[in-house]
Amino acid sequence: MFLYTPSLTSYKRLATREVKIGDLLLGNFHPIRVQTMTTTDTMDTLATVEQSIRCIEAGAELVRITAPSRKEAENLQLIKDELRKRGYNTPLVADIHFTPNAAEIAARIVEKVRVNPGNYVDKKKFEQIEYTDAEYLEEIERIRERFTPLVKICKEYGTAMRIGTNHGSLSDRIMSRYGDTAIGMVESAMEFLRIARAESFHNIVLSMKSSNPQVMVQAYRLLIQQMMQEFSECYPLHLGVTEAGDGEDGRVKSAAGIGTLLEDGIGDTIRVSLTEDPEFEIPVCRDLVKRYQQPVTNAGGTVPPVQQLPYSPFEYKRRHTFAVDNIGDKQVPVVVADLSKLEQITPASLESVGYKYDAATDKWNISDAAADYIFTSHQLPAFELPGTLKVIVYPEVWKEASLTAAGEQKYFPLFMDSGFAAAEAKSDRLNFVMIDCFNDATTLNDYTYFDSIANDPSVVLCLSSTNRNAMQSVRRMFVELMQRGVHNPVVLMTDSNWQTPDEHLIHYSTECGALLLDGMGDGICLGMSRESYRLQTASFKQGTTGRNYVSNQTPEQFINNTAFSILQATRTRISKTEYISCPSCGRTLFDLQETTAKIRSVTNHLKGVKIAIMGCIVNGPGEMADADFGYVGSGPGKITLYKGKEIVKRNVDSEVAVQELINLLKENDAWVEPA
Ligand code: SF4
């Protein structure tokens, strides 16, 4: 049976059908297309045209515009005419929820319509309904009747269609039968796809979005498997993580989800949903895609094929490991901060990685995003370190440090692959062993030294790869470990040779995210090449590191924050408040960017609390996924507050809504006073 990717060991695109959207070809190995969606009021023709142009000039190859009702659908004609008049022929996509009549108008005007199978025919009332099989089939017939006219219009006008499932807006019918699951998402789209195929309509793209990258990745994989099983072919896939938020977190979350799939050759078009102006989404998309535009060659080492996968790629299960000190087993993944490029490590250096020394009280203040280990290579810091922090050094330095009882508890050696077996002196408690997985010179036969370290209760493996297919090489090593019954914990070591902070973010999130989302990794250590480090340091000193979220960060701080963001995005370690904020669109009823910033500024100390900030009451509550609290626009100047899916304060004046949200957090014991 086809698993979900053409190759688990090298980059290979998944074959998909070719789809035509205006003059744009998508799928069938055409370049991965990048797209975005406008946030203006669709009735404001000029504003929508101008924003579309900003997106197109930034590189958008498709622009989506919301059409909540007939009048907006009709106005798409004016928008399209004005864009064409100004020389922009980029295909337009109408975004449809709840309104088949708007879809039927839009399909005659624009090049593509997006329908959400969760709300095209069904309504969502969060009800559990028991269906017999016969009743369920009747429901499918009802969908067929309502959906087929749109399919026929698309066929007649040469319009493409996206069947875009969202995890947050599955219909009550799907939820009742399949639950809130990735399988439910797949079935929701498949019901519509089967109807379209029965009409011999194939100009279709599919998506399976969720704000949780774990669910999103599983749903796309399952969808591919289902399509191959049922039709022996795949339709092109549009990738995205919904409500990813803004800034660094939004980028990391998007890259972890989208990048994981792209690494496996999955995805024909992508949209990064940020709570920022839509043109800012495009550079992130381009950074994600350009990783696959370079000539793809193995750097020499061939990664051995996987005969049988010893884990399920369709459900999250952390690889079974034993604990070595505070690494592995059920403990959250640790963060190792690489301080090896600092000329001298001082107490101030530790501020970058979450430890702030207060001379007045002679105490260290430790943040929620404080690294668990620092790697200092040949240096022994010449001051008393915070109690919880441990240090990784090279073996010869470790020997010196471990001469004292305190040093023995604080310092641990890092060995190079077979060096551990050959070493005379080792820690009784914790040894790190570096392995470059399937690089230029190695094959499986070169890992015989495994036998000497496998299941040694003091060994934590540090896996990295200099192979061009680095993620696949490390994943292949995990497969080997599982098949050989090796249960040592693993720290993922990822270096970046990229140049800009955005490129680094995407690189780290993709390479580590793809493994963490499959339950692989008990720790994470990010690094930079000398040249990248020099560039980041220079920009920091000039105070021009680029976008706001990374300005004024030293390389160490940037890397440490990114490591915690990746763990948060993959839901493997929660160290901060989680924001699920929609990117906004023509339905949005308040300034979403400003409001998100305001809410973030007063709640960003609430570790682990999930707060959704959604632009409209039509889609917002459904799309909030698993948020603990929701702040949803419900009319001009009005906000409705939710606890989970339940309305608790309706139509609150927006002037006082943030304070009311704080009150709600307090009433539910989710509030603590900021330090
Ligand atoms: S939730 Fe946000 S992006 Fe989605 S339809 Fe409403 S305003 Fe638009």
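Residues numbered from 1 in each chain as written. Predicted model: local features only at pLDDT ≥ 70, side-chain atom pairs only at ≥ 80, totals over all residues. Heavy atoms only, no water.

A. Focus on the overall build of the protein. Of the regular secondary structure elements, the protein holds 20 helices and 25 strands. Overall size of the protein, expressed as C-alpha extent along the three principal axes, is 80 × 55 × 55 Å. Every one of the 675 residues in the protein was classed for burial, and the buried ones make up 62%. Residue pairs in contact within the protein that sit at least 24 positions apart in sequence constitute 68% of those at least 6 positions apart. (Helix = DSSP H or I, 4+ residues; strand = E, 2+ residues; numbered from the N terminus. Buried < 20%, exposed > 50% of the residue type's maximum accessible area, 1.4 Å probe, protein only. Contact = heavy atoms within 4.5 Å.)

B. Broad picture of the sheet that holds strand β7 (residues 160–166). Spatial ordering of the open sheet is given by β8-β7-β6-β5-β4-β3-β10-β9, a layout of 8 strands whose pairing is parallel. Of all strands in the sheet, those bounded by a partner on one side alone are β8 (204–209) and β9 (238–239). Here β9 runs beside strand β10 (residues 269–270); their pairing, made up of 2 bridges, is parallel. Paired with leucine 239 across the bridge in β10 is isoleucine 270. (Pairing = 2+ DSSP bridges.)

C. Structural view of the pattern of salt bridges. Evaluated as defined, the whole model comprises 48 salt bridges. With a shortest N-O distance of 3.3 Å, lysine 85 and glutamate 82 are connected by a salt bridge. Residue lysine 85 and its partner glutamate 82 are both found in helix α2 (residues 70–85); the two are separated by 3 residues, about one turn of the helix. The exposed category is assigned to lysine 85, whose relative accessible area is 67%. Between glutamate 263 and arginine 291 there is a salt bridge; the shortest N-O distance is 3.2 Å. Here glutamate 263 is found in helix α8 (residues 247–263), whereas its partner arginine 291 is found in the loop between α9 (281–290) and β11 (334–338), with 28 residues between them in sequence. Each member of the pair glutamate 263 and arginine 291 is classed as buried. Taken together, the salt bridges that share partners define one network made up of Asp122, Glu139, Arg142, Arg173 and Glu191. (Salt bridge = Lys/Arg side-chain N within 4 Å of Asp/Glu carboxyl O.)

D. Representation of the environment of valine 474. The topology assignment puts valine 474 in helix α14 (residues 470–483). Among the residues examined, valine 474 registers a relative accessible area of 6% and is labelled buried. Between the C-alpha atoms of valine 474 and aspartate 436, which are 38 residues apart in sequence, the distance is 8.3 Å. What valine 474 contacts, discounting residues up to four positions off in sequence, is Cys437, Leu463, Ser464, Ser465 and Leu515.

E. Quick look at the sheet that holds strand β25 (residues 646–653). What the 5 strands build is an open sheet, ordered β21-β22-β23-β24-β25; its pairing is mixed. The open sheet has two edge strands, β21 (578–581) and β25, and neither has a second partner. Direction aside, neighbouring strands of the sheet carry axes that sit 20° apart on average. The sheet contact formed by strand β24 (residues 638–643) and β25 spans 5 bridges and is antiparallel. Bridging from a neighbouring strand, isoleucine 639 pairs with valine 652 of β25. Most of the contacts of helix α20 (residues 654–667) go to β25, to which it runs at about 150°, and overall it touches β22 (610–614), β23 (629–635), β24 and β25. (Axes fitted to C-alpha atoms, helices over the stretch in contact; angles between N-to-C directions.)

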